[in-house]
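Notes for the structure review
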Amino acid sequence: MHELSVTESILSIVLKHAQTNKAEKVLAINLKVGELSELVGDCIQHYFDYLSKGTIAEGAVIDVERSPIIFQCKECEHSFEISLKDSKDFACPRCGGAKVSLISGREFYIKDITIS
Amino acid sequence: MADIRLIEIKEDILSDNKNLADEIRDMLRVHKVFMLNLMASPGGGKTSLIINTIRSMKDTCRIGVIEGDIASVVDAEKVVQEGIPAVQLKTGGFCHLDATMIKMALDEMDLKNLDLVMIENIGNLVCPAEFDTGAHKNAMILSVPEGDDKPLKYPLIFSVCDVLVVNKIDYIGVADFDMGAMKERVFKLNPEINIIEASCKTGEGIEKWTRWLTDEMNAYQRAVR
């Protein structure tokens, strides 16, 4: 729902880096978005096409790479992936510890861009 | 033809918002003001919880409220009737409050004469969770009639909050709501979260909530002294 304001930020960050690197054109943008985010990739592309008209980023293809939800056990430091659909257990599968912390799944950044 | 190059960026998409949110926390620190961001669905009980909080805490601390709404000013009017300063932000269709909007609201408030600012975010479980408002703590409400499956549907908001108020517990028995299953789902996403069962209508659990809020505010004020 907030893809428009997010896309404005993406465009301004991309243009900033494109200029620093003296790009003539931005061809592709790779985003890294955690599984916990509700962001819709198709919407971002749609808004981006609209917002980037007339800039060197016009026509760039956006790819969203999702990063999994990973917890780390505070007892034994074992890391393990969680699927949201499997709602049964989130204790550490190695030692059974219940104290865990989220180490991946909330990412929200621009990983790289391809320019010419 | 020009070379094609891959440029590594690794820049947070919301970094501008995050930086402004940090500036807001610096500004609040100067005046020792504690700020709480309250999120929930439309009708979850945000305004009712704020009114209840004002009634039980206004004699012991100076409160201000920032009301976020898409179009109306009805919530701010209710707060002002309690004798509390309120700033209404009308987002004109925007689905969340961000640091820029909060900064504008705070600039309208007399921070040196406040101890606590409560933000009533836009009624929405999706977007507000992504944007740092500059608040010190994030709270959310899940009301019983909304159902116990919400943590499965809107995981992010449950993962970013410090406290969850389960409101309208007077509906338990009428609604098909499994408290145990809901809590298990929430703890799965956020093992550190505090869960408080309450009813803004009957007043049950409100004291527990204001105690949590007071403890957090006191801890903050001790730390910035």
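Let me sum up the structure you'll find in this document. (Residues numbered from 1 in each chain as written. Chains lettered and ligands numbered in written order. Predicted model: local features only at pLDDT ≥ 70, side-chain atom pairs only at ≥ 80, totals over all residues. Heavy atoms only, no water.)

When helices and strands are tallied, chain B shows 8 helices and 8 strands. By the compact-globule yardstick of 17 Å for 225 residues, chain B fits well, its C-alpha radius of gyration being 18 Å. C-alpha atoms of chain B, sized along the principal axes, occupy 70 × 45 × 35 Å. Every one of the 225 residues in chain B was classed for burial, and the buried ones make up 56%. Across chain B, the fraction of contacts at a sequence separation of at least 24, relative to all contacts at a separation of at least 6, is 72%. As displayed, chain B has an accessible area near 9900 Å², and 47% of this comes from carbon and sulfur atoms. Treating the 26 positive side-chain charges of chain B as one cloud and the 36 negative ones as another, the clouds have centres 3 Å apart. (Helix = DSSP H or I, 4+ residues; strand = E, 2+ residues; numbered from the N terminus. Rg over C-alpha atoms; globule rule 2.2 N^0.38 Å. Buried < 20%, exposed > 50% of the residue type's maximum accessible area, 1.4 Å probe, protein only. Contact = heavy atoms within 4.5 Å. Areas by Shrake-Rupley, 256 points an atom, 1.4 Å probe, with all protein chains shown as cover. Lys, Arg positive; Asp, Glu negative; His and termini not counted. Charge placed at Lys NZ, Arg CZ, Asp CG, Glu CD.)

Now for the environment of Lys18 of chain B. Checked against the element boundaries, Lys18 of chain B lands in helix 1 (residues 15-31). Setting aside anything within four residues of it in sequence, one finds Lys18 of chain B in contact with Arg25 and Asp132 of chain B.

Moving on, we come to the pairing of strand 5 (residues 116-120) of chain B. All names here are of chain B. Judged by how many residues are buried, strand 5 sits mostly within the fold: 5 of 5 residues are covered. When strand 2 (residues 34-39) meets strand 5, the two strands line up parallel, connected through 5 bridges. Looking across to strand 5, one finds that Met35 is bridged to Val117. As paired elements, strand 3 (residues 63-69) and strand 5 share 5 bridges and run parallel to each other. Among the inter-strand pairings, Val65 is bridged to a residue of strand 5, identified as Met118. (Pairing = 2+ DSSP bridges.)

A few words on the sheet that holds strand 3 (residues 69-73) of chain A. Residues and elements named next belong to chain A. Strand order in the open sheet formed by 3 strands is 4-3-5, with antiparallel pairing between adjacent strands. For this open sheet the edge positions go to strand 4 (79-82) and strand 5 (100-104), each flanked by a neighbour on one side alone. If you compare each strand with its neighbour and ignore which way they point, the axes differ by 40° on average. (Axes fitted to C-alpha atoms, helices over the stretch in contact; angles between N-to-C directions.)

Shape descriptors only; they carry no functional weight alone.
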